[in-house]
Amino acid sequence: MTGGAGHIGLACAECMIELGATVVVLDVDARSCEARAATLAPRALSLTCDLSSEQACRLAVRQAIKMLGGLDILIHCAAYVGTTQVPGWAVPFEQQTVAAWDSALRVNLTAAFVMAQEGQTALVASGHGSIILFASIYGLVGPDLSLYAGTDMQNATAYGVSKGGLIQLTRYLATVMAPRVRVNAIAPGGVWRGQPATFRERYEARTPLRRMAVEEDLKGAVAYLASDLSSYVTGHTLVVDGGWTAW
């Protein structure tokens, strides 16, 4: 799974291990990958990959298949978070750059396309292949910028665009890879990560369940879409947002 060293990646890995799977934790930082795999041992392996590189993505999929002896489930939960080398990410719209836009689409969207393409044969061979792509509520609706007022937080255009692209990629792959491989997406709402109190208060007031998500909230969706419980579900985006998009 991509983004395996991250917060959501940990929840996904724990979920899959609880279901009896062996997972390959894939992320850009080797030390973080190895540390995460060590905490999940003995059912986790580590693999380093720069998702912005097509060649690296293809090689990582081939390596993961070799390490596991096959591929049953592919989970893409990595997300571009910006780097100091690429300016123009978490800034107002007028200051956002094409370089940051391109970087986000490469990691969030293009990598998913490449890995699905590279993993297709192995997923078909498994007999119950499943792809799960992590989108976002901001792939479904536009941002409410009033939530960020008075904070240093911003909402990057390329984030929502790439997540919306993942939802459409889900639909496309679900039809192209059927009937042997199912492809679905999960669209989480905002996840609590120590954001400013004003942001959290506004977000929770706008959410019917009156709280932000925690990573544990996503485990049920992952377990459902990865298992035969969803054997007749494909092309679907499962929204886990506490009712945010129901307004």
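Residues numbered from 1 in each chain as written. Predicted model: local features only at pLDDT ≥ 70, side-chain atom pairs only at ≥ 80, totals over all residues. Heavy atoms only, no water.

Asker: Go over the environment of Gly160, please, and point to the residues and values.
Answerer: Inspection of the secondary structure puts Gly160 in helix 5 (residues 157-176). Exposure remark for Gly160: the relative accessible area of 14% places this residue in the buried category. A C-alpha to C-alpha distance of 8.3 Å links Gly160 and Pro143, two positions 17 residues apart in sequence. Discounting chain neighbours no more than four positions away, the residues touching Gly160 are Tyr138 and Gly139. (Helix = DSSP H or I, 4+ residues; strand = E, 2+ residues; numbered from the N terminus. Buried < 20%, exposed > 50% of the residue type's maximum accessible area, 1.4 Å probe, protein only. Contact = heavy atoms within 4.5 Å.)

Asker: Lay out the nonpolar core in plain terms, naming residues and giving numbers.
Answerer: Leu51, Met115 and Ile131 are the most contacted members of the largest nonpolar core, which totals 37 residues. Looking at this core, the elements with two or more residues in it are strand 1 (23-27), helix 3 (54-68), helix 4 (98-126), strand 4 (129-134), helix 5 and strand 5 (181-188). Examining the composition of this core, we find that eleven residues originate from one element, helix 4, more than from any other. Each residue touching Leu51, except ones within four places of it in the same chain, is listed here: Thr2, Leu26, Cys57, His76, Ala78, Arg106, Val107, Ala111 and Met115. In terms of nonpolar packing, the next biggest core, distinct from the first, is built from 26 residues, Ile8, Cys15, Ile17 and Ile132 among them. (Core = buried A, V, L, I, M, F, W, Y, C linked by side-chain atoms within 4.5 Å.)

Asker: Would you mind going over the pairing of strand 3 (residues 73-76) in detail, with residue names and values included?
Answerer: As paired elements, strand 3 and strand 4 share four bridges and run parallel to each other. For Ile73, the partnering residue across the bridge sits in strand 4 and is Ser130. Read from strand 3 through helix 4 to strand 4, the crossover connection turns out right-handed. (Pairing = 2+ DSSP bridges. Right-handed = clockwise from strand over helix to strand, strands pointing away.)

Asker: Any chance you could break down the pattern of salt bridges for me, citing the residues and the numbers?
Answerer: All chains considered together, the criterion is met by ten salt bridges. Here Glu54 and Arg58 are joined by a salt bridge, their closest N and O atoms 3.0 Å apart. Of this pair, Glu54 and Arg58 both sit in helix 3, four residues apart, which is roughly one turn of the helix. Looking at Glu54, the relative accessible area reads 41%, which means it is partly exposed. Arg62 is the salt-bridge partner of Glu118, the closest N and O atoms lying 3.2 Å from each other. In this pair, Glu118 sits in helix 4 while Arg62 sits in helix 3, placing the two residues 56 residues apart along the sequence. Residue classification places Glu118 among the partly exposed residues on the basis of a relative accessible area of 22%. Assessed through its relative accessible area of 44%, Arg62 is described here as partly exposed. What emerges from the salt-bridge pattern is a single network uniting Glu14, Glu18, Glu216 and Lys219. (Salt bridge = Lys/Arg side-chain N within 4 Å of Asp/Glu carboxyl O.)

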